[in-house]
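Letter by letter, the chains look like this.
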Amino acid sequence: MHTPRCNHATGDVADYANAAIAAGLSEIGMSDHSPMPDDFDKPWRMDRTELPEYLQEVEQVRDIVKDQLDLRVGLEADFHPGTQAYVAEMIASYAWDYVIGSVHYIGDWGFDNPDTIQIWDTWKIEDAYCAYFKLVEQSAQSGMFDIIGHPDLIKKFGHRPPADSVPVNQAIESMLQAVKQADVVLEISSAGLRKPVAEIYPHTRIVQRAAELAIPFSYGSDAHSPNEVGHGMKECLSMLESFSIHEIASFKQRQRTMIAIQHA
Ligand SMILES: [Zn+2]
Ligand SMILES: [Zn+2]
């Protein structure tokens, strides 16, 4: 979940924590958009100089709510070829509970940014999907991340390749094999329900195949405001359970434990 430091979220950390307690959650994680090198899409993330304040704010709230809620601190980092050294150094600079690796860019195109949606017109949808899943595959192979964020974000605006597209289906299979091999976790995210695609990330078929491969999942609301805390959790967990997945991943100091899905 995010904080206003990324310049596109509202509510401070205490508001998210209080929303989680009110929703009956026992554990949440803040993972705001990480700093990136200066020339890289600066408006959508915190500045590197803000990192210590971000940590301090989460740690302060963590101490205040500790009897009611486990508050974990992480980052949502970008996987973007050419920036790995910067991201690796930043990840190593603090004992994060978890680091999400997300692909938001194909080349310098922020494909999920409404401001550049017209660039979709210059792409064949299948090609954009293949390029995207190749990057997700590389993000798993990078070894830098615990969790692969919103694993089919490319569908955000509803652009769809044919369901039987051989290249796209091969790219998804190859990505999932890499995730399995690298032993990283896939995020099931309710954020897609709030976007034009109106669908959980990732698609049912990806969840089904991941379940066959015994790839673990974590759940995320990707909340950008306190009222989104825990949004769609029931739908996400029900989808996992429909494929006989009965536990989700939790991280503390980058150690993964699996916890049983609780029924309210
Ligand atoms: Zn965001
Ligand atoms: Zn993201």
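This report concerns the structure included in the present document.

Cut-offs used in this document
Residues numbered from 1 in each chain as written. Chains lettered and ligands numbered in written order. Predicted model: local features only at pLDDT ≥ 70, side-chain atom pairs only at ≥ 80, totals over all residues. Heavy atoms only, no water. Helix = DSSP H or I, 4+ residues; strand = E, 2+ residues; numbered from the N terminus. Buried < 20%, exposed > 50% of the residue type's maximum accessible area, 1.4 Å probe, protein only. Contact = heavy atoms within 4.5 Å. Lys, Arg positive; Asp, Glu negative; His and termini not counted. Charge placed at Lys NZ, Arg CZ, Asp CG, Glu CD. Arc of directions from axis to C-beta. Axes fitted to C-alpha atoms, helices over the stretch in contact; angles between N-to-C directions. Left-handed = near helix turned anticlockwise from the far one by under 90°. Nonpolar A, V, L, I, M, F, W, Y, C, P; charged D, E, K, R; others polar. Donors = N, O, S within 2.8 Å, 3.2 Å for Na, K, Ca; no water. Pairing = 2+ DSSP bridges.

1. Concerning the overall build of the protein
- Tallying secondary structure elements over the protein gives seven helices and eight strands in all.
- A principal-axis box enclosing the C-alpha atoms of the protein has dimensions of 50 × 45 × 30 Å.
- In the protein, which comprises 264 residues, the proportion classed as buried is 54%.
- A separation of at least 24 residues holds for 73% of the contacts in the protein among residues at least 6 apart in sequence.
- Mean positive and mean negative side-chain charge positions of the protein (21 and 39 charges, respectively) differ by 4 Å.

2. Observations regarding helix α3 (residues 84-92)
- Taken together, the buried positions of α3 are occupied by V87, M90 and I91. End-on, the buried residues of α3 take up no more than an arc of 100°, which puts them together on one face. Exposed and oriented more than 90 degrees from the buried face of α3 are A85 and A92.

3. Points about the packing of helix α1 (residues 13-22) against helix α2 (residues 51-65)
- Closest axis-to-axis distance for the α1/α2 pair is 9 Å, and the angle between their directions is 35°. The two elements α1 and α2 meet at a crossing, and its hand is right-handed. On α2, the residues touching V13, A14, A17 and I21 of α1 are E57, V58, V61 and V65.
- A breakdown of the residues in the contact of α1 with α2 according to their chemical character gives seven nonpolar, no polar and one charged.

4. Let's talk about the coordination of the zinc ion (ligand 1)
- Only H8 (NE2), H33 (NE2) and H224 (NE2) from the protein reach the zinc ion (ligand 1) as donors, at distances of 2.0 Å.
- All donor residues of the zinc ion (ligand 1) come from one chain, and their arrangement in sequence is H-x24-H-x190-H.
- In this structure the zinc ion (ligand 2) is found 5.3 Å away from the zinc ion (ligand 1). A residue pair is termed long-range when its members are at least 10 positions apart, and H8 in the segment before α1 and H33 in strand β1 (residues 27-33) qualify at 25 residues.
- Residue H8 is classed as partly exposed on the basis of its relative accessible area of 28%.

5. A closer look at the coordination of the zinc ion (ligand 2)
- Those protein atoms acting as donors to the zinc ion (ligand 2) are E76 (OE), H104 (NE2) and H150 (NE2), and they sit at 2.1 to 2.2 Å.
- One chain supplies every donor for the zinc ion (ligand 2), spaced along it as E-x27-H-x45-H.
- Given a relative accessible area of 3%, H150 falls into the buried group.

6. Looking at the environment of E235
- Secondary-structure assignment places E235 in helix α7 (residues 233-242).
- The spacing of E235 and A131 is 104 residues in sequence and 29 Å in space, taken between C-alpha atoms.

7. A closer look at the sheet that holds β1
- Taken in spatial order, the six strands of this open sheet run β1-β2-β3-β4-β5-β6, and their pairing is parallel. The open sheet terminates on both sides in strands that have one partner only, identified here as β1 and β6 (217-220).
- Where strand β4 (residues 147-148) meets strand β5 (residues 185-189), two bridges bridge the pair, whose relative direction is parallel. When the bridges of β5 are listed, I148 appears paired with L186.

8. A word on the environment of P4
- With respect to the secondary-structure elements, P4 resides in the segment before α1.
- Taking the C-alpha atoms as reference points, P4 and H224, separated by 220 residues in sequence, lie 8.2 Å from one another.
- The contact partners of P4, leaving out residues within four places of it in the chain, are A9, T10 and G11.

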